[in-house]
Amino acid sequence: MSDPIRTRQDSGVLEVVIDRPKANAIDLSTSRALGLIFRDFRDDPTLRVAIVSGAGEKFFCAGWDLKAAASGDAVDGDYGVGGFGGLQELRDLNKPVICAVNGICCGGGLEIALSADLILAAEHATFALPEIRSGTVADAASIKLPKRIPYHIAMDMLLTGRWLDVHEAHRWGFVNEVLPADRLMERAWELARLLESGPTLVYAAIKEIVREAEGSTFQTAMNKVTKRQFATVDKLYSSEDQLEGARAFAEKRSPIWKGK
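Definitions and limits used
Residues numbered from 1 in each chain as written. Predicted model: local features only at pLDDT ≥ 70, side-chain atom pairs only at ≥ 80, totals over all residues. Heavy atoms only, no water. Salt bridge = Lys/Arg side-chain N within 4 Å of Asp/Glu carboxyl O. Buried < 20%, exposed > 50% of the residue type's maximum accessible area, 1.4 Å probe, protein only. Helix = DSSP H or I, 4+ residues; strand = E, 2+ residues; numbered from the N terminus. Axes fitted to C-alpha atoms, helices over the stretch in contact; angles between N-to-C directions. Parallel < 35°, antiparallel > 145°, perpendicular 65-115°, else oblique. Left-handed = near helix turned anticlockwise from the far one by under 90°. Contact = heavy atoms within 4.5 Å. Nonpolar A, V, L, I, M, F, W, Y, C, P; charged D, E, K, R; others polar. Core = buried A, V, L, I, M, F, W, Y, C linked by side-chain atoms within 4.5 Å. Right-handed = clockwise from strand over helix to strand, strands pointing away. Pairing = 2+ DSSP bridges.

J.: Explanation requested: the pattern of salt bridges in the structure shown.
T.: Across all of its chains, the model carries 18 salt bridges by this definition. With a closest N to O distance of 2.9 Å, Arg228 and Asp234 form a salt bridge. Judged by relative accessible area, Arg228 falls into the partly exposed class, the value being 33%. Among the ionic pairs, Glu240 bridges to Lys258, the shortest N-O distance being 3.8 Å. Note that Glu240 is positioned in helix H11 (residues 240–250) and Lys258 in the segment after H11, a separation of 18 residues in sequence. Take Glu240: its relative accessible area is 42%, and that puts it in the partly exposed class. Because the salt bridges share partners, they merge into one network encompassing Asp10, Arg193 and Glu196.

J.: Honestly, the packing of helix H4 (residues 139–148) against helix H5 (residues 151–160) in this entry has me stumped. Any pointers?
T.: Between two packed helices, what matters for the description is the angle formed by their axes and the separation of those axes. It is the contact of H4 with H5, at a shortest axis distance of 8 Å, that shows an interaxial angle of 155°. It follows from the interaxial angle that H4 and H5 lie roughly antiparallel. The hand of the H4/H5 crossing is right-handed. Mapping the contact onto sequence places Ala141, Ser142, Leu145 and Pro146 in H4 and Tyr151, Ala154, Met157 and Leu158 in H5. Class assignment of the residues belonging to the contact of H4 with H5 gives a composition of 7 nonpolar, 1 polar and no charged.

J.: Just to check I follow, could you spell out the nonpolar core for this structure?
T.: Across soluble globular proteins, nonpolar side chains have a tendency to be buried as a group. If you look at the biggest cluster of nonpolar residues, it comprises 48 residues, and the most contacted ones within it are Val101, Phe127 and Phe174. Counting 15 residues, the second-largest nonpolar core is a separate cluster that includes Leu184, Trp189, Leu191 and Leu195.

J.: What should I look at first to understand the side chain of Ser115 in this one?
T.: Relative to the elements of secondary structure, Ser115 occurs in the loop between helix H3 (108–114) and strand S7 (118–122). Note on Ser115: relative accessible area 15%, which makes it buried. Apart from the residues within four sequence positions on either side, Ser115 is in contact with Leu87, Gln88 and Lys144.

J.: I'm lost on the pairing of strand S3 (residues 49–54) in this one. Help?
T.: Each regular strand shows side chains that alternate between the opposite faces of the sheet. For S3, the buried fraction is high: 6 of the 6 residues fall into the buried class. Covered by surrounding structure in S3 are Val49, Ile51 and Ser53 together with Ala50, Val52 and Gly54, the residues of both alternating faces. Where the polypeptide runs from strand S2 (residues 13–18) across helix H1 (residues 28–43) and back to S3, its parallel neighbour, the crossover connection is right-handed. Both S3 and strand S5 (residues 97–101) contribute to a ladder of 3 bridges, which runs parallel. Note that in S5 the partner of Ile51 across the bridge is Ile98.

J.: Help me out: how do you make sense of the sheet that holds strand S9 (residues 164–165) in this one?
T.: Sheet strands associate in pairs through backbone hydrogen bonding, adopting either a parallel or an antiparallel arrangement. Across the sheet, which stays open at both edges, the 4 strands sit in the order S4-S6-S8-S9 with mixed pairing between neighbours. Each end of this open sheet is capped by a strand with a single partner; those strands are strand S4 (59–61) and S9. Across 2 bridges, the pairing between strand S8 (residues 126–128) and S9 is antiparallel. Counted as the bridge partner of Phe127 is Leu164 from S9.

If you want it as structure tokens, here you go:
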């Protein structure tokens, strides 16, 4: 059997492709493999941006592998580092992640997409949370989706399992760009290169602030920023890059980021 996960590294960009025909569904062992990949991405200082996509043209990811579940994989089993799919519970992931949705994106596949920072989608992509029809709950999506799109749309998806085409998903705001299928990965890499050239310390601070602020009041989060109580903010405010940004602006030139 071929490896269910393919990776490719080019300079500071890591591409991760879920490759489990037919539907790129994820069983426990695949989830654990993804967790290790994303953990290593998080911890490798040479890697700056990740792209996650699916193999083929029909499926990004159909989520939890129900055939594996029927064969004994427990729905509450050990998904590994980072929880299901390796992303949604991975602590301290302070680097940008781009999701390139190349087809059907449903259930846990949609939850993986929601764990990314930017979502690009092919024109034929479709989205759904069909867990309601199999008598279970889309747990991560139930937490995340009502915070990302209007409440009533999120509840419609969760309670009915209905499908959204890519244009409706874009209209509600959880897809950044809709692209022809043959342009999807090209655009993902173009965006990754842009982010790769940017200030990694600022990205880290942005991600920590956004993540921690989800469970805080505005003023509590602001106080933690101004008092440098976020580790990433404290590092940024003491960094060479902080000074370089100000100098480059004053000197009307492009900054040279060192990540320190």
